[in-house]
Structure formats: C-alpha cells, structure tokens
Amino acid sequence: MTIRVVVADDQELVRSGFAMILQAQPDIEVVAEAGDGAEAVEAVRRHAPDVVLLDIRMPRVDGIEAARTVCAESDCKVVMLTTFDQDDYVYEALHAGASGFLLKDVRRDDLVHAVRVVVAGDSLLAPSVARRLIADFTRRAVADPVPAAGPSEELGALTARERETLVLLGRGLSNAEIAAELVVSEHTVKTHVSNVLSKLGLRDRIQAVICAYETGLIARGG
C-alpha cells in the first residue's frame, strides 16, 4: 500500500525538504504541496490523500482552521507542524482533529515514522504532549469552572470495561499501562480501545482523551 501525502507549509524550503524526505520512501508518495491553508484544503479535496502535514502558521487560512475543514470533510489524517512548542497551539491543533503534532526540527526518521503511525490509526502524541493536553483541561476548568455533571449519555453504548479504558486513556496511559491497570493483555486493551473509538465515532486516542473530559467521564480540574 502506498501512503499518499500532502505537505503544506508557507516556507518553500521547509515544504520541499519534507516532501523530498517522504518521497524517498518506497511506500510514500507526495501527491501535492501547498503554500497556505486554503491551498492545503483544496489539495486534500482534489487528491484525497491519506495524510496531510499542516504548518500551524500559514497565510490566508492557518493550519488549525485547515485541519478543522479537512477532518470535517474527509478521513485524511492530519499531522501538525510548528516551530513553537506552546500549550495553546497543542490544544487547538489536537482539538481541531489532528492525529499528531511535530516540531519542524523533527529528525528525518521521526517524520517518516509519524506518517506511518497515523495511517495505521494510532496517535502521534508524545507523553509530554499528552500531559500538556490533560493539564490544559485542568487549567481551563479553573479559569472557567463548570457545574459538576455526570458522564454524557453518548457513553451509554460502552461496556463497563470500555468505560474504564476510556478513563485510563483520558489520563494519558499507554496500552501497556492500561493492561497492567486492568490486569489484561495488551491485545485485549487494543480491542477495548478500538471498540471505544468505533462506538463513539472518534478518530484516534487523542480524541478519546478530549472526549473523556468533555463528556464529564473525568472531572475537569479533578
């Protein structure tokens, strides 16, 4: 299977450099390049790629807005690129539907790995970024507290064990850590995670983290 990729960055050298690295892989084809968010959205519509790499800061339409449109209109996976490792960018990008977040100084091998990981259906989210995302919910809850509420009705489709899995996902645990917590195999955890994503219509683990908080399954700020 050939992975089809669109690379979007307003800096031509960065864009062409990433495209060259990816195009050199036997299983990856760069089908288009884009210089801003509007071009990126149009390229995704035209070429139906598997993955789009989006710079966060781009003219006309920025990467976050482009990510929202791409995720709403297609199954294309989004990996965000930035030179800034800042909380707000992380939160907004992932909440927009992105499946990964990379700094532009990423190593060649890590860039290629990122594309393959998100196509496989996994999230490209380092533990430090996961902790930052979770901490962001706590900070926002303190700044803008909301009344305590029980879990959303949409969680009714989950079994008790799947709800437990979602809670642990929301706390940033890996499959191995969840397996140890629930005293089951990693294969069983993968099945639970897959069921959670499918039943709740979530794109990946990142969206599961957000869902766990926004549905009230995990108390914001708690």
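Everything below is about the structure printed above this text.
Residues numbered from 1 in each chain as written. Predicted model: local features only at pLDDT ≥ 70, side-chain atom pairs only at ≥ 80, totals over all residues. Heavy atoms only, no water.

A. Structural view of the environment of Leu102. Relative to the helices and strands, Leu102 is located in strand β5 (residues 100-103). Judged by relative accessible area, which is 10%, Leu102 ranks as buried. C-alpha of Leu102 to C-alpha of Val90: the two residues are twelve residues apart in sequence and 9.7 Å apart in space. (Helix = DSSP H or I, 4+ residues; strand = E, 2+ residues; numbered from the N terminus. Buried < 20%, exposed > 50% of the residue type's maximum accessible area, 1.4 Å probe, protein only.)

B. Main features of the nonpolar core. By size, the foremost hydrophobic cluster in this structure holds 30 residues, and its most contacted members are Val52, Leu54, Ile56, Val70, Val78, Met80 and Phe101. Elements with a minimum of two residues in this core: β1 (3-8), β2 (28-34), α2 (37-47), β3 (51-55), α3 (63-73), β4 (77-82), α4 (87-95) and α10 (205-214). When residues in this core are grouped by element, the largest group, five residues, is from α3. Excluding residues that lie within four positions of it along the chain, Val52 makes contacts with Val6, Val44, Val70, Cys76, Lys77, Val78 and Val79. Grouped together as the second largest cluster of nonpolar side chains are 23 residues, Val167, Leu200, Leu202 and Cys211 included. (Core = buried A, V, L, I, M, F, W, Y, C linked by side-chain atoms within 4.5 Å. Contact = heavy atoms within 4.5 Å.)

C. Local environment of the packing of helix α7 (residues 160-170) against α10. In the contact formed by α7 and α10, the axes pass within 8 Å of each other and the chain directions differ by 100°. Classified by the interaxial angle, the pair formed by α7 and α10 is roughly perpendicular. Listed contacts from α10 to Leu166, Leu169 and Gly170 of α7 are Arg205, Ala208, Val209, Ala212 and Tyr213. When grouped by side-chain class, the residues that make up the contact of α7 with α10 number six nonpolar, one polar and one charged. (Axes fitted to C-alpha atoms, helices over the stretch in contact; angles between N-to-C directions. Parallel < 35°, antiparallel > 145°, perpendicular 65-115°, else oblique. Nonpolar A, V, L, I, M, F, W, Y, C, P; charged D, E, K, R; others polar.)

D. Broad picture of the sheet that holds β5. Taken in spatial order, the five strands make up an open sheet running β2-β1-β3-β4-β5, and their pairing is parallel. Each end of this open sheet is capped by a strand with a single partner; those strands are β2 and β5. If you compare each strand with its neighbour and ignore which way they point, the axes differ by 25° on average. Note that β4 and β5 share four bridges and pair parallel. Its bridge partner lying in β5, Leu81 is registered against Leu102. Across the face of the sheet, helix α1 (residues 12-23) comes into contact with β1, β2, β3 and β4 while running at roughly 165° to β2. (Pairing = 2+ DSSP bridges.)

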